[in-house]
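Each chain, letter by letter, is given below.
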Amino acid sequence: MKKFLLFAAAAVAMGASAQTLTQVWSTQQVPVGSVWGGDARQGVGVNGKVYINNAASMAVEVYGAQGLEKSIPTGYGWSICADDAGNIISRAGTPGAGAPLKTDSIQLNIVPADGSEVRKISLEGLDGLAEARVDYFGHAFGDVVNGTGYLIVTQNGETKPYVIAFAEGEVDPDNSFPLIVDAELIGFATQSTLGFSYVDAEGAQHATLMVRNSGPMTVNEIKYAGYFQDLTLDMEDGVLGEHVSEVANVAVNRGADAGGEIFKLGEKLYAVYPLKDATGSFNYLDGFEVAEVTEEGPAVVATVPATYAAEQNKGAGNWVTVEPVDDCTVNIYNYYVNGFVAMYTFEVPQTAVNDINVAKEVKAYKAIENGQVVIVKGDAKYNVAGQAIK
């Protein structure tokens, strides 16, 4: 495994704080120049795999360390995401670039984490959902198959994100609504996402708004290439309310590709995002950065350099998605459209040892066994509550 060991920009009183970014696997996806890239514009990582929605093959393709592992027939679409339980939500519907969401037909697929039959989802009865273009999805909240969950969609030309609620594998029209946001949002381009990201110290749920090619932004007279918006949501006991209470801009040196999000690890916030070429000449190369989010601007702690000398990207996407493992570790999945898929772990120093936080050199990852999400560390396995599985 390839390691990237770096130190934070600022040292603390007890000494420098080290973070470790480790490549678990990487695989070439298709030959450079393939038409594939234009039809498979988004991918998401979960449970040690990368799931890519390929409109050309009418399937969700599942990639692992050895390459393509299987294809799950789903129908046409570009958008794809995962919820907290590892269920996959992908776009279905009308073929063709820029196809709008429809409220009178099948528009979504749910690929359950337990491997059961794909569910076809209609959006009929969703009041206030515009029939407007959606290219990409952000991370969904909860368990859309076996409980309650939410997917927030951003539509081209619309001023409000729309919350699609789920209950036991079906759309819940009574709890679906447009979000009310008093602050100014970046604006919704055709290639934007709004995904649940982290819970802060006060217990408030946050979401990351990513708009492709957003920026620049200046912090303390330093100009950064782009930015995200961090939205504080009104959520209590897993039930999402209609109001967004706060919107904060988060400056990062992100390129023009779609992709990236904000996440919490330990007591700090981090952002992961597509790398902007050092010369400023190219915006669509591969590579990404991880930076600590601070009031003074981003403090870069890890960089994965670009491997291509020229743009290979057919879909303006360099997707980096985060999967929490424990308080000190996340998995980061990288899908560079028309290039490759890869999996990394990102760790911060452990402040305590418990059943899950075992020896630091042992990497953790999520997997599906007997239809359940488990956390694997070495020879040990745990459920999502941290209890050992024997």
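Everything below is about the structure printed above this text.
What you see is a predicted model; the values in this text were computed from it and never measured. (Residues numbered from 1 in each chain as written. Predicted model: local features only at pLDDT ≥ 70, side-chain atom pairs only at ≥ 80, totals over all residues. Heavy atoms only, no water.)

### Structural notes on the overall build of the protein
For the protein, the count of helices and strands is 1 helix and 32 strands. The burial tally for the protein puts 57% of its 390 residues in the buried class. Long-range contacts, defined here as pairs at least 24 residues apart, represent 53% of the contacts in the protein between residues at least 6 apart. Only carbon and sulfur atoms are counted for the fraction: they give 49% of the accessible area of the protein, which is about 16100 Å². (Helix = DSSP H or I, 4+ residues; strand = E, 2+ residues; numbered from the N terminus. Buried < 20%, exposed > 50% of the residue type's maximum accessible area, 1.4 Å probe, protein only. Contact = heavy atoms within 4.5 Å. Areas by Shrake-Rupley, 256 points an atom, 1.4 Å probe, with all protein chains shown as cover.)

### Let's talk about the sheet that holds strand E18 (residues 205-211)
In spatial order, the strands read E16-E22-E21-E18-E17; together these 5 strands make up an open sheet with mixed pairing. Either end of the sheet is taken by a strand with one partner, and the two such strands are strand E16 (180-181) and strand E17 (192-199). In this sheet, strand E22 (residues 239-252) lies alongside E16 in parallel orientation, the contact comprising 2 bridges. Its bridge partner lying in E22, Ile-180 is registered against His-243. (Pairing = 2+ DSSP bridges.)

### What about the sheet that holds strand E9 (residues 106-111)?
Read from one edge to the other, the open sheet built from 4 strands follows the order E7-E8-E9-E10, with strand pairing classed as antiparallel. Lying at the two open borders of the sheet, with one neighbouring strand each, are strand E7 (80-82) and strand E10 (119-122). With direction set aside, neighbouring strand axes in the sheet form an average angle of 25°. As paired elements, E7 and strand E8 (residues 88-91) share 3 bridges and run antiparallel to each other. Within E8, the residue paired with Ala-82 across the bridge is Ile-88. (Axes fitted to C-alpha atoms, helices over the stretch in contact; angles between N-to-C directions.)

### As for the side chain of Arg-254
With respect to the element layout, Arg-254 can be found in the loop between E22 and strand E23 (261-265). In this structure, Arg-254 is buried with no salt-bridge partner, the nearest side chain bearing the opposite charge being Asp-257 at 8.3 Å. A polar contact is formed between the side chain of Arg-254 and the side chain of Ser-214, at a distance of 3.2 Å. From its side chain, Arg-254 meets the backbone oxygen of Asp-257 in a polar contact 3.2 Å long. (Lys, Arg positive; Asp, Glu negative; His and termini not counted. Salt bridge = Lys/Arg side-chain N within 4 Å of Asp/Glu carboxyl O. Polar contact = N/O pair within 3.5 Å; in protein donor to acceptor, adjacent residues only side chain to side chain.)

### Points about the packing of aromatic side chains
Counted by the stated rule, this structure contains 8 aromatic pairs. Consider the rings of Phe-141 and Phe-196, whose centres lie 5.1 Å apart with planes at 40°: the pair is tilted. Placement of the pair is Phe-141 in strand E11 (residues 141-142) and Phe-196 in strand E17, with a sequence separation of 55 residues. Each of the two residues, Phe-141 as well as Phe-196, counts as buried. Ring centres of Tyr-270 and Phe-346 lie 5.4 Å apart, and the angle between their planes is 75°; this geometry places the pair in the edge-to-face category. (Phe/Tyr/Trp six-rings, centres within 6.5 Å; stacked < 30°, edge-to-face > 60°.)

### Things to note about the pattern of salt bridges
The final tally for this structure, using the stated rule, is 4 salt bridges. Salt-bridge contacts for Arg-133 lead to Asp-135; the nearest nitrogen and oxygen are separated by 2.8 Å. On the basis of relative accessibility, which here comes to 24%, the residue Arg-133 falls in the partly exposed class. A relative accessible area of 1% places Asp-135 in the buried class.

### With respect to the layout of surface pockets
Volume-wise, the second largest pocket comes out at about 360 Å³. In terms of lining, the second largest pocket is formed by 18 residues, of which the most central are Asp-230, Ala-248, Asn-249, Val-250 and Val-293. Broken down by secondary-structure element, the contributors of at least two residues to the lining of the second largest pocket are strand E19 (217-219), strand E21 (226-236), E22, strand E25 (288-294) and strand E26 (297-304). The dominant element in the lining of the second largest pocket, judged by the number of residues it contributes, is E22, at 6 residues. Classifying every residue of the lining of the second largest pocket by side-chain character gives 10 nonpolar, 5 polar and 3 charged. (1 Å grid on protein atoms, 1.4 Å probe; cavity = no way out; pocket = protein on both sides within 12 Å on 5 of 7 lines; lining within 4 Å. Points joined across faces, edges and corners; volume = space filled by probe spheres on them. Nonpolar A, V, L, I, M, F, W, Y, C, P; charged D, E, K, R; others polar.)

### Focus: the side chain of Asp-230
With respect to the secondary-structure elements, Asp-230 resides in strand E21. Despite its burial, Asp-230 remains without a salt bridge, the nearest opposite charge being carried by Lys-264 at 11 Å. Of note is the side chain of Asp-230, whose polar atom sits 2.8 Å from the side chain of His-206. Dropping the residues within four chain positions of it, Asp-230 is found in contact with Tyr-198, His-206, Ala-207, Glu-246, Val-247, Ala-248, Val-250, Ile-262 and Leu-269.

### Focus: the environment of Gly-115
Mapped onto the fold, Gly-115 is located in the loop between E9 and E10. Judged by relative accessible area, which is 62%, Gly-115 ranks as exposed. As a C-alpha pair, Gly-115 and Asn-87 span 28 residues in sequence and 9.3 Å in three-dimensional space.

### Side note on the pairing of strand E27 (residues 318-326)
Burial runs high along E27: 8 of the 9 residues are buried. In terms of strand pairing, E27 meets strand E28 (residues 329-336) through 8 bridges, oriented antiparallel. Its bridge partner lying in E28, Asp-326 is registered against Thr-329. Here E27 folds back onto E28 in antiparallel fashion, the turn holding 2 residues.

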